[in-house]
Amino acid sequence: MCGICCVLSRRSSESFQQSPPIAEGVRQNLLRRGPDLHHDLQDVCLTSDPDTKHYGTFLGTVLHMRGAITQQPLQDEAGNILLWNGEIFDGIEVEEGQNDTAVLLQLLGACRGQEGLIQVFQTIRGPWAFIYWQASSKHLWFGRDYFGRRSLLWSLLPGETGVFTLSSVAARPGPQE
């Protein structure tokens, strides 16, 4: 089971702060879920508005099951970013030696509208949760299979930064004082 996390924030052009970090408790729990490989993309600019920019940090950890080990988050030449926590048992052809994350990113990159994206996910047989940044439409897609067999949690912090987090794990609460 892989670990996936995305933190989105908004900041003005006058702000020089980096994107909010992924909470250390969340990061440690993600690393336990995917001990074979981890990688992150930080301060990915998601908008072109000169006054307010939206930034994303994407972190993926991999538990290698089959095919070639593939780093997550996976980014293609068009700037699309995929975090995938799942297994494709059927519905989409993943040949022996291929990695389902790479196959899925290629399929999603070929989609031009929301109908195509929805069709891809309706076809998949197996447990899954995903976070997908579609660069051409500047949309963030996320979800999980119908039965919710892979967790995907979200939080929205109030305030000017509008920090929005998606993650397959939560941090354990610390001791109460």
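Right above here is the structure, for reference.
Keep in mind it's a predicted model, so treat the numbers as computed, not measured. (Residues numbered from 1 in each chain as written. Predicted model: local features only at pLDDT ≥ 70, side-chain atom pairs only at ≥ 80, totals over all residues. Heavy atoms only, no water.)

## Regarding the sheet that holds strand β4 (residues 74-75)
The 4 strands lie next to each other as β4-β5-β6-β7, forming an open sheet whose pairing is antiparallel. In this open sheet, the two edge strands, each paired with only one partner strand, are β4 and β7 (139-144). Two strands pair when backbone bridges link them, and strand β6 (residues 128-134) and β7 are joined in this way by 6 bridges, in the antiparallel orientation. Within β7, the residue paired with A129 across the bridge is R144. Its contacts with the sheet place helix α2 (residues 100-109) against β4, β5 (81-86) and β6, and it is angled at close to 135° to β5. (Pairing = 2+ DSSP bridges. Helix = DSSP H or I, 4+ residues; strand = E, 2+ residues; numbered from the N terminus. Contact = heavy atoms within 4.5 Å. Axes fitted to C-alpha atoms, helices over the stretch in contact; angles between N-to-C directions.)

## Details of the pattern of salt bridges
A full pass over the atoms with the stated rule returns 3 salt bridges. Its salt-bridge partner being R27, residue D40 comes within 3.6 Å of it at the nearest N-O pair. One end of the pair, D40, is in strand β2 (residues 37-45); the other, R27, is in helix α1 (residues 24-33), and 13 residues separate them in sequence. One salt bridge connects R149 with D145, and the closest N-O pair in it is separated by 3.1 Å. (Salt bridge = Lys/Arg side-chain N within 4 Å of Asp/Glu carboxyl O.)

## A look at α1
Considered for burial, the residues of α1 that qualify are V26, R27, N29, L30 and R33. Looking straight down α1, one finds its buried side chains confined to an arc of 165°; they lie on one side. (Buried < 20%, exposed > 50% of the residue type's maximum accessible area, 1.4 Å probe, protein only. Arc of directions from axis to C-beta.)

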